[in-house]
Amino acid sequence: WTSRPEVVPYPLRGDADSLPRMGEWNAKGLAAFADDCRLHDEREERRLAYVAVTRAEHLVLACGAWWGPTQRKPRGPSAYLLTLLEHCRSGGDVDQWAPEPEPGATNPVLGQSDTAAWPVVPDAGALARRLAAAGAVRAGRGLTVSSLRAEHDGSESSALQGMHPEALAEVAGWDEDLELLLAELAATRSAPRSISLPTSLSASDLVRLGADEDAFLRALARPMPAAPAAAAQRGSRFHAWVEEHYGRRALLGPDDLPGAADAGLDPDTDLAAMRAAFLSGPYAEQVPVGVEVPFALVLGGRLVQGRLDAVFATTGPDGEPGFQVVDWKTSRAQSADPLQLAIYRVAYADLAGVPLERVSAVFCYVRDGSVVRPPDLPHRAALEALLQG
């Protein structure tokens, strides 16, 4: 846009965040901006080539042109078009490949311009042909396959009189194809689709299933990638810092840690504030019996996997030893699903080999140090019923 006045300036476009940005307004800045634009165009061309090839069901048609409408020098073929050319020469069809223009050749269409009057001047002959075509369309709207077959058998039909039998048969085939396609579309929209749960799920999958079964099944039927969230990455870094605080060296990257699904963090300065809040919270001085504890829980014939943020030893009212599973929450809203704690509680009871009553589970919202103990967490039978349903 810095050299072509007809191009909308990038800062004014809706996709400005994904486009190159101008730096300094001098010769060096303009040159750097032009280089960034070339790299952006190369990435866009690669993306376009990828989409064009991978979306085709069984046929890809590719073409190019040596000359553009305003170029004084011939264009070079795209690298992706050359790749397709070599591929087609070894196993596809090359309908035509024009030789490269001779050196010094001029653009044969340069200087030519197509002009037309506006508004369009009515042409009596063309108008008559259009009206006749429209009348034929109106007359043919009521035709069906049965009427076409009757015409083919010799019955009278003013709209199809004089049509060659082969052409008539082709038109009948069109209607048959349309009927089949419409029937297939109706069946697709009306028939229920059976979705089977995978044999292995994450704890987050089970929470999403419990929160909204229809949404979870739709995601299974048509999975879509999630947009990367900077807040989730910062939440993961906080979990890694907690692990280091307890003297456990992280074995996973930030994206692999629980908390990658946490949302609601704002700038990176939140990390420092949350660390300070954690150090003044109820668990900073306690010694956990486990940090980032992996588990693989069998529920209803399916494997549910995940990690526990931290586990602390407790003592029950009767003096019996127990355990408390703690899940750190870095979001501002205290809206975590208690089903997550129910899964963690059953999982650790299995890991430790203790009765479920000896294990409790809480959310710790690190921003204010509050500890939330949801009552009446579902037991194993309720979790299995959720999967079986």
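Residues numbered from 1 in each chain as written. Predicted model: local features only at pLDDT ≥ 70, side-chain atom pairs only at ≥ 80, totals over all residues. Heavy atoms only, no water.

Overview of unusual backbone geometry
Argument step 1. At E292, a position not held by glycine, the phi torsion is positive, near 50°.
Argument step 2. Looking at the secondary structure, you find E292 in strand β2 (residues 290-299).
Argument step 3. Owing to a relative accessible area of 7%, E292 belongs among the buried residues under this scheme.
Argument step 4. Here the phi dihedral of D376 falls at roughly 55°; this positive angle occurs in a residue that is not glycine.
Argument step 5. Here D376 is to be found in the loop between β6 (370-372) and α11 (380-388). (Helix = DSSP H or I, 4+ residues; strand = E, 2+ residues; numbered from the N terminus. Buried < 20%, exposed > 50% of the residue type's maximum accessible area, 1.4 Å probe, protein only.)

Topic: the packing of helix α10 (residues 338-352) against α11
Argument step 1. Their axes nearest at 10 Å, the elements α10 and α11 cross at an angle of 120°. Between α10 and α11, the angle is such that the two are oblique. As α10 runs across α11, the sense of the crossing is left-handed. Side by side, α10 and α11 meet where L339, A342, I343, V346 and D350 of the first sit next to R380, L383 and L386 of the second.
Argument step 2. Taken together, the residues that form the contact of α10 with α11 break down as 6 nonpolar, no polar and 2 charged. (Axes fitted to C-alpha atoms, helices over the stretch in contact; angles between N-to-C directions. Parallel < 35°, antiparallel > 145°, perpendicular 65-115°, else oblique. Left-handed = near helix turned anticlockwise from the far one by under 90°. Contact = heavy atoms within 4.5 Å. Nonpolar A, V, L, I, M, F, W, Y, C, P; charged D, E, K, R; others polar.)

Considering the environment of Q96
Argument step 1. With respect to the element layout, Q96 can be found in the loop between α2 (79-91) and α3 (124-140).
Argument step 2. Given the relative accessible area of 69%, Q96 is considered exposed.
Argument step 3. It is 9.2 Å that separates the C-alpha atoms of Q96 and C63, two residues lying 33 residues apart in sequence.

Let's talk about the pairing of strand β5 (residues 359-365)
Argument step 1. Within β5, 6 of the 7 residues are buried, which leaves it mostly tucked inside the rest of the structure.
Argument step 2. In the sheet, strand β4 (residues 321-329) pairs with β5 via 7 bridges, with the strands oriented parallel. Its bridge partner being in β5, V326 is matched across the sheet by V362.
Argument step 3. Traced from β4 through α10 to β5, the parallel crossover comes out right-handed.
Argument step 4. The hairpin turn running from β5 into β6, its antiparallel successor, is 4 residues long, and G369 in that turn takes a positive phi close to 75°. (Pairing = 2+ DSSP bridges. Right-handed = clockwise from strand over helix to strand, strands pointing away.)

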